[in-house]
Amino acid sequence: MAKNTYDSKAIEVLSGLDPVRKRPGMYTDTSCPNHLIQEVLDNSVDEAIAGYCSNIKIKLHKNGVIEVSDDGRGMPVDIHPEHKLTGVELILCKLHAGAKFSGEEYSFSGGLHGVGVSVVNALSESLQVNIKRDSKEHEMHFNDGNKKSDLKITGDVGPRNTGTKIQFKPNAKYFETIEINNKQLKHLLKAKAVLCPGLTIDFFDEKKKEKIKWFFEDGLKSYLEETSSETNLLLDESILTSKKSKEHEVEFVINWSDKPSKSKLDETYVNLIPTSQGGSHLNGFKSGLLDSMKEFCEIRKLLPKGLKLNAEDVINNAIFVISSKMQNPQFAGQTKERLDSKEHMSFVSSSTKDVLSIWFNKHTEEGEKIAELAIISAQARAKAVNTVERKKTFKGPALPGKLSDCNSEDLNKTELFLVEGDSAGGSAKQARERSFQAIMPLRGKILNTWDLESDEIIKSQEIKNLATAIGVTPGNSDISSLRYGKICILADADSDGLHIATLLCALFLRHFKPLVNDGRIYIAMPPLYRIDCGKDVLYALDEKQKERIVIDFKSKRGKPKINIQRFKGLGEMNPSQLRETVMDPETRQLVRLSISSTDNANAMMDLLLSKKNAPARKEWLEKKGSLVRI
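In this text, all values refer to a predicted model and were calculated from it rather than measured experimentally.

**Some thoughts on the overall build of the protein**
Argument step 1. When helices and strands are tallied, the protein shows 19 helices and 21 strands.
Argument step 2. As displayed, the protein has an accessible area near 32400 Å², and 48% of this comes from carbon and sulfur atoms.

**Some details on the packing of helix 7 (residues 280-299) against helix 9 (residues 342-362)**
Argument step 1. At a closest axis distance of 7 Å, the pairing of helix 7 and helix 9 adopts a crossing angle of 30 degrees. Both helix 7 and helix 9 take part in a crossing whose hand is right-handed.

**Digging into helix 6 (residues 220-227)**
Helical periodicity: at 3.6 residues per turn, an α-helix aligns residues three or four positions apart in one direction.
Argument step 1. Among the residues of helix 6, those classed as buried are Leu220, Ser222, Tyr223 and Leu224.
Argument step 2. Residues of helix 6 that are buried sit in contact with helix 5 (182-195), strand 9 (239-244), strand 10 (248-256), strand 11 (266-270) and strand 13 (318-326).

**A word on the side chain of Thr352**
Argument step 1. The residue Thr352 is located in helix 9 in this model.
Argument step 2. What Thr352 contacts, discounting residues up to four positions off in sequence, is Phe252, Phe285, Gly288 and Leu289.

**Concerning the nonpolar core**
Argument step 1. Counting residues in hydrophobic clusters, the biggest one holds 60 residues, and the most contacted among them are Ile56, Ile58, Val88, Val129 and Phe168.
Argument step 2. Excluding residues that lie within four positions of it along the chain, Val88 makes contacts with Met75, Pro76, Val77, Val129, Ile131, Met140 and Leu151.
Argument step 3. Formed by 40 residues, the second largest nonpolar core is a distinct cluster that contains Ile463, Ile479, Leu504 and Ile521.

**Side note on the sheet that holds strand 18 (residues 529-533)**
Argument step 1. Pairing in this open sheet of three strands is antiparallel, and the strands run 19-18-20 from one edge to the other. Edge strands, defined here as strands with exactly one partner in the open sheet, are strand 19 (536-540) and strand 20 (562-566). Ignoring which end each strand starts from, the neighbouring axes of this sheet average 20 degrees apart.
Argument step 2. When strand 18 meets strand 20, the two strands line up antiparallel, connected through five bridges. Pairing of Cys533 across the sheet is with Ile562, part of strand 20.
Argument step 3. Strands strand 18, strand 19 and strand 20 of the sheet are contacted by helix 16 (residues 543-554), whose axis makes an angle of about 155 degrees with strand 19.

**Some thoughts on the sheet that holds strand 15 (residues 437-442)**
Argument step 1. With respect to topology, five strands assemble into an open sheet ordered 15-14-16-17-21, the strand pairing being mixed. Every interior strand has two partners, whereas the edge strands, strand 15 and strand 21 (590-592), have only one. Across the sheet, the mean angle from the axis of one strand to that of its neighbour is 25 degrees, orientation sign disregarded.
Argument step 2. Note: strand 17 (residues 521-524) against strand 21, three bridges, orientation antiparallel. Following the sheet pairing, Ile523 is matched in strand 21 by Val591.

**What to know about the packing of helix 2 (residues 34-49) against helix 5**
Argument step 1. For the pair helix 2 and helix 5, the least separation of the axes is 11 Å and the interaxial angle reads 15 degrees. For the element pair helix 2 / helix 5, the angle class is roughly parallel. Helix 5 is crossed by helix 2, and the crossing has right-handed handedness. When helix 2 is examined against helix 5, the residues Asn34, Ile37, Gln38, Leu41, Asp42 and Val45 are found in contact with a partner set consisting of Gln184, Leu185, Leu188, Leu189 and Lys192.
Argument step 2. Residue composition of the contact of helix 2 with helix 5, by class: six nonpolar, three polar and two charged.

**Side note on the pairing of strand 7 (residues 200-205)**
Argument step 1. Summarising burial for strand 7: six of the six residues are buried, a large majority.
Argument step 2. A two-sided burial pattern is seen for strand 7, the buried positions comprising Thr200, Asp202 and Phe204 on one face and Ile201, Phe203 and Asp205 on the other.
Argument step 3. Where strand 1 (residues 55-60) meets strand 7, six bridges bridge the pair, whose relative direction is parallel. From the neighbouring strand, Lys59 faces strand 7, where its bridge partner is Phe204.
Argument step 4. Looking at chain direction, strand 7 and strand 8 (residues 210-214) are connected through five bridges and run antiparallel. Paired with Phe204 across the strands is Lys211, a residue of strand 8.

**With respect to the environment of Ser357**
Argument step 1. Looking at where Ser357 falls in the secondary structure, it is placed in helix 9.
Argument step 2. By relative accessible area, Ser357 is classed as buried at 9%.
Argument step 3. Counting along the chain gives 65 residues from Ser357 to Ser292, while the straight-line C-alpha distance between them is 4.9 Å.
Argument step 4. If we ignore the near neighbours within four places in the chain, the residues touching Ser357 are Ser292 and Glu295.

**Comments concerning the packing of aromatic side chains**
Argument step 1. According to the stated counting rule, one finds six aromatic pairs in the structure shown.
Argument step 2. Here a set of aromatic residues connected by ring pairs shows up, and it is made of Phe252, Phe285 and Phe320.
Argument step 3. Of note, Lys546 hangs over the ring of Tyr529, and the distance from its end group to the ring centre comes to 4.8 Å.

**A short note on the environment of Lys513**
Argument step 1. Locating Lys513 in the fold gives a position in helix 15 (residues 513-517).
Argument step 2. Residue classification places Lys513 among the partly exposed positions, given a relative accessible area of 33%.
Argument step 3. Separated by 37 residues in the primary sequence, Lys513 and Asn476 place their C-alpha atoms 8.9 Å from one another.
Argument step 4. With near-sequence residues (within four places) excluded, Lys513 lies in contact with Phe508 and Ile595.

**Looking at the confidence of the model for the protein**
Argument step 1. Confidence in the prediction for the protein averages 81 pLDDT; 87% of positions are at 70 or higher.
Argument step 2. Counted against residues more than four places away or in other chains, residues 1-15, with its pLDDT under 50, gives three contacts.
Argument step 3. A low-confidence stretch, residues 386-396 stays under pLDDT 50, and its non-local contacts, those more than four residues away or across chains, total 20 contacts.

Analysis parameters
Residues numbered from 1 in each chain as written. Predicted model: local features only at pLDDT ≥ 70, side-chain atom pairs only at ≥ 80, totals over all residues. Heavy atoms only, no water. Helix = DSSP H or I, 4+ residues; strand = E, 2+ residues; numbered from the N terminus. Areas by Shrake-Rupley, 256 points an atom, 1.4 Å probe, with all protein chains shown as cover. Axes fitted to C-alpha atoms, helices over the stretch in contact; angles between N-to-C directions. Left-handed = near helix turned anticlockwise from the far one by under 90°. Buried < 20%, exposed > 50% of the residue type's maximum accessible area, 1.4 Å probe, protein only. Contact = heavy atoms within 4.5 Å. Core = buried A, V, L, I, M, F, W, Y, C linked by side-chain atoms within 4.5 Å. Pairing = 2+ DSSP bridges. Parallel < 35°, antiparallel > 145°, perpendicular 65-115°, else oblique. Nonpolar A, V, L, I, M, F, W, Y, C, P; charged D, E, K, R; others polar. Phe/Tyr/Trp six-rings, centres within 6.5 Å; stacked < 30°, edge-to-face > 60°. Lys NZ or Arg CZ within 6 Å of the ring centre and 35° of its normal. pLDDT = per-residue confidence, 0-100.

Here is the structure:
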């Protein structure tokens, strides 16, 4: 029973690093420690941006310790006049402590919230920092974010020998796994080297005996050409440019392919931090690109009468990297995946338009080829809109805002994917074929509807949105208003995902049975494992399939190295993997939900989901629970 008193004694004040340990997901990505490495790395890169660092080393030790070192100026070791603590202790033990707020030490930097490295300390079993500065080497130790030893001098070094080395071991209790996502980490390190020409980054994985060094003199241009080596680029010479003001800077490289690529390069960065969700700089870039293209088309009278271009038409075939730098960037969250600085958008937009307007008018032949691609895209879009405006309903309620609809009106071609979670929904939107595939993200586990009447379940907003999207009312035998030929349940391959898929199957069996009888409901089969062997990549739905694939790979000559990745969820898969495994009709696996007169479906659903059958369910779990295989 809840307490009926509420007074000042109930107020809890979290001090030091307690807020991080209490709610780690608010400060970092808790799926794995990759983001902790990025927080430490960003401090070293900020030194490089400021011109004080030219070498960064990352080492993954066998015992799980992660080491990041640089040859920058070294963390401050003197006593802070107000807080009476060394600069090192302030940085590592106090939230919102750093030298990047005023802009005096760093013109452009990624770490502005002052919580990055202190979060690393809070979520680590142990952390050791070594600082070379003022001809001395200093050392300090922490356990679980708490100071274990004071800062002490451990030796003498030369006056020019400076830098910071941080060694930390992530605490497993704060993360789903403490295994580092090496592929993601290496991509990040390479990108940092690309975006900061002259910076050398060394990576060493002690367990795998893997050593890589990245150093790029040409920066973005060589990165685009290397990454797009298998793409047929339209321009012989990619467009590379940079613009700078006192508070803003943008550098970008762009090229086009003759057709949209499923895995094209379209990366954005702010102060060398990857912004996977884009934001102000990407929006400004699109705006400037569109304005310059529209101006070019108007001058040369290329646009057919009545046709209007939009930003997606121009960028649809584009391959690009944008690197923005600015003072005081505002991010949408601590993980900094989206830039939210509105003033930077206008700077990027005007800079992009100025540069590309000049380029298009100097390279008219190439400009007309790019314009042709944009016009083809606009014509296809206009045709689809004229055929059917799916988002506008003239009868019934408005479609839910979370629905990303498709263009086609052919019921035999259209597909609606009901996707578990907003994160996976975002990846699915990028992975889908927009012409015939629609995406509807669902928020967690939906209502258990098995024991409820159809007029009761429509009170649930999630189910109401789902019913509106598919065009059929729960309990209605008339499905003539159905909006999609296939309705595909797409949930994680783990136990939680199977639970969600079961609840959705129950919803359709109990309240949308005509859709089941008509063969309209499907369950997508996402893989649980990805197995790499040389250039061969295969996916496995379960443990047995994984073992068969591994055996087949091991039978190959030369004993090739086999890497196995276990997906924790759909959100962990990138759009190209999601497309290949669950969305591309050529390569996916879908299971149709069907029932026959001999099936015992109702009895099984009663056992699994009915509130009345709790004792029988407990007995069944005790007998059958050990048979589960995930």
